[in-house]
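Coordinate analysis (summary)
Listed below, chain by chain, are the residues.
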Amino acid sequence: MELTRGEIILILGLTALAFRIVPQIYFAGQKFPEPWDRLLRYVSYALLCGIISTTLFMKGASLESDSAPYRAAALIATMVVARWTRSALSGLILGTILVSVSSWLR
Amino acid sequence: MAFAQRFRQGMKAAIPVWVAFVPSSIAWGIAAQSHQLTLEEVFLMSAWVYSGPAQFAVLGPLTEGKSALQVLAAGTLMNLRFLPMSTALAPFFKGVKRLPLLLSSHVISASSFIVPYLQFQKERESEALTAGDESTRGYDNLAFFLGVGVTAFTVWVAGTMLGFSVALGFPPGFEEALKFILPGYFAGLLVVEMKGWMMPLICAVSLIAAIPGASASPGWGWLVVSCVVAFVGWGLEEWNLRAARSS
């Protein structure tokens, strides 16, 4: 059966909604056993790090090798300052300035 | 705390997310226009699917006439990440009625997960010290979550429509900064809350290993690699803990 683009988008939205809703139906307000709580935390954080990495360093399947070292340096500076000041925003401001300056100088 | 006050608190925490969403949503709108999606399809995709990485991943296959199964498989794999994120948020919504909870869950995204999740964890720890009652916090937490989620969702949808309608370009020289904001903010939030040694290790390995993963398959390679890293790290920690208990 051939599906139209609109139907494909509708089905895609339904699957996204299912992944968002199902845990709320079954687990809202429940406390997980400590090991499961930790596993969920680790999976979520690892996925976020995957998003950070692919957003910052990749274009499709290829590494943006020209800008990757500068972005990596800005990311490290962001993390160091955020940790040191206990403020994600302070780190972000510094990282954004660094990455802009490095792109203007190149 | 009043619902509106807590919602505003969430909005305030979401400001960097809005700033980051503006360029990426406009970029997606422009890409969708260049791939000849209609205005209705663009709106449907942004408001109904609401998943940046999946939207970018399926744009090509969707408009190049690839099979529906291929498009759905790519998008669904990308959207799988919502499952652990939504599960991790669920315990913080204790006492919230089902309908508002189900409606609210539509705005779960990576940003509307991490900002509230870290905030709730911080609050749970400080409440544990002051013997607070977690059962009364469900609606408070929902208000904060909505402050982040609804506003970020609005910015995303509006941005894609704007990008579609006007082929807007940012002044040259600012693309790097705009590209950096969202991942930089995520990294800053994570690093502030890091404890112990396993979490930083998992984050560092996942950050590096996602690159070959994405090279192997840009759609879902990084996703599989990140999950494997988390499971291996967790397994090692569990094994260590059990060994320590039995000795």
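Shown above is the structure to which this text applies.
What counts and how
- Residues numbered from 1 in each chain as written.
- Chains lettered and ligands numbered in written order.
- Predicted model: local features only at pLDDT ≥ 70, side-chain atom pairs only at ≥ 80, totals over all residues.
- Heavy atoms only, no water.
- Helix = DSSP H or I, 4+ residues; strand = E, 2+ residues; numbered from the N terminus.
- Rg over C-alpha atoms; globule rule 2.2 N^0.38 Å.
- Buried < 20%, exposed > 50% of the residue type's maximum accessible area, 1.4 Å probe, protein only.
- Contact = heavy atoms within 4.5 Å.
- Areas by Shrake-Rupley, 256 points an atom, 1.4 Å probe, with all protein chains shown as cover.
- Lys, Arg positive; Asp, Glu negative; His and termini not counted.
- Charge placed at Lys NZ, Arg CZ, Asp CG, Glu CD.
- Patch = residues over 30% accessible without salt bridge, like charges linked within 9 Å, V, L, I, M, F, W, Y side chains within 5 Å.
- Salt bridge = Lys/Arg side-chain N within 4 Å of Asp/Glu carboxyl O.
- Core = buried A, V, L, I, M, F, W, Y, C linked by side-chain atoms within 4.5 Å.

1. Describing the overall build of chain B
- The helix and strand tally for chain B stands at 11 helices and 0 strands.
- When the elements of chain B are put in sequence order from the N terminus, they spell out α-α-α-α-α-α-α-α-α-α-α.
- By the compact-globule yardstick of 18 Å for 247 residues, chain B fits well, its C-alpha radius of gyration being 20 Å.
- Put simply, chain B has 247 residues, and 55% of those count as buried.
- The contacts in chain B between residues at least 6 apart in sequence include a share of 83% that link residues at least 24 apart.
- Entry remark: accessible area of chain B is about 10,600 Å², with carbon and sulfur atoms responsible for 71%.
- Seen as two clouds, the 15 positive and the 14 negative side-chain charges of chain B have centres 6 Å apart.

2. Concerning the overall build of chain A
- When you go through chain A residue by residue, the secondary structure sums to 4 helices and 2 strands.
- Each helix and strand of chain A, placed in order from N terminus to C terminus, yields the pattern α-α-β-β-α-α.
- Computed over C-alpha atoms, the radius of gyration of chain A comes to 20 Å, more than 25% over the 13 Å expected from 2.2 N^0.38 for 106 residues, which places it beyond the range of a compact globule.
- Counting over 106 residues, chain A shows a buried share of 50%.
- Within chain A, contacts between residues separated by at least 24 positions form 22% of all contacts whose residues are at least 6 apart in sequence.
- Summed over its atoms, the accessible surface of chain A is roughly 5,200 Å², and 69% of this surface lies on carbon and sulfur atoms.

3. Section: a nonpolar patch on the surface
- Among the surface-exposed residues, A:Leu89, A:Ile93, A:Ile97, A:Val101, A:Trp104, A:Leu105 and B:Phe174 lie close enough to one another that they form a single nonpolar patch of about 710 Å² accessible area.
- Tracing the backbone through its elements, the reader meets A:Leu105 in helix α4 (residues 88-105).

4. Observations regarding the nonpolar core
- Counting residues in hydrophobic clusters, the biggest one holds 85 residues, and the most contacted among them are A:Leu48, B:Ile114, B:Val115, B:Phe145 and B:Leu190.
- Top contributing element to this core by residue count: helix α2 (residues 34-57) of chain A, with 13 residues.
- Setting aside residues no more than four positions away along its own chain, A:Leu48 makes contact with B:Met85, B:Ala110, B:Phe113, B:Ile114, B:Phe186 and B:Leu190.
- One finds B:Ala32, B:Leu37, B:Val42 and B:Ala68 within the second-largest nonpolar core, a separate group that totals 17 residues.

5. Some thoughts on the pattern of salt bridges
- Scanning the entire structure with this criterion turns up 13 salt bridges over all chains.
- As a salt-bridge pair, B:Glu41 and A:Arg5 come within 2.9 Å of each other at their nearest N and O atoms. Taken as a pair, B:Glu41 in helix α2 (residues 39-49) and A:Arg5 in helix α1 (residues 5-27) lie in two separate chains rather than in one.
- For A:Arg5, a relative accessible area of 25% corresponds to the partly exposed category.

6. Remarks on the side chain of B:Arg137
- Looking at where B:Arg137 falls in the secondary structure, it is placed in the loop between α7 (110-129) and α8 (138-165).
- Residue contacts for B:Arg137: discarding those within four places in its chain leaves B:Arg6, B:Phe92, B:Glu123 and B:Glu127.

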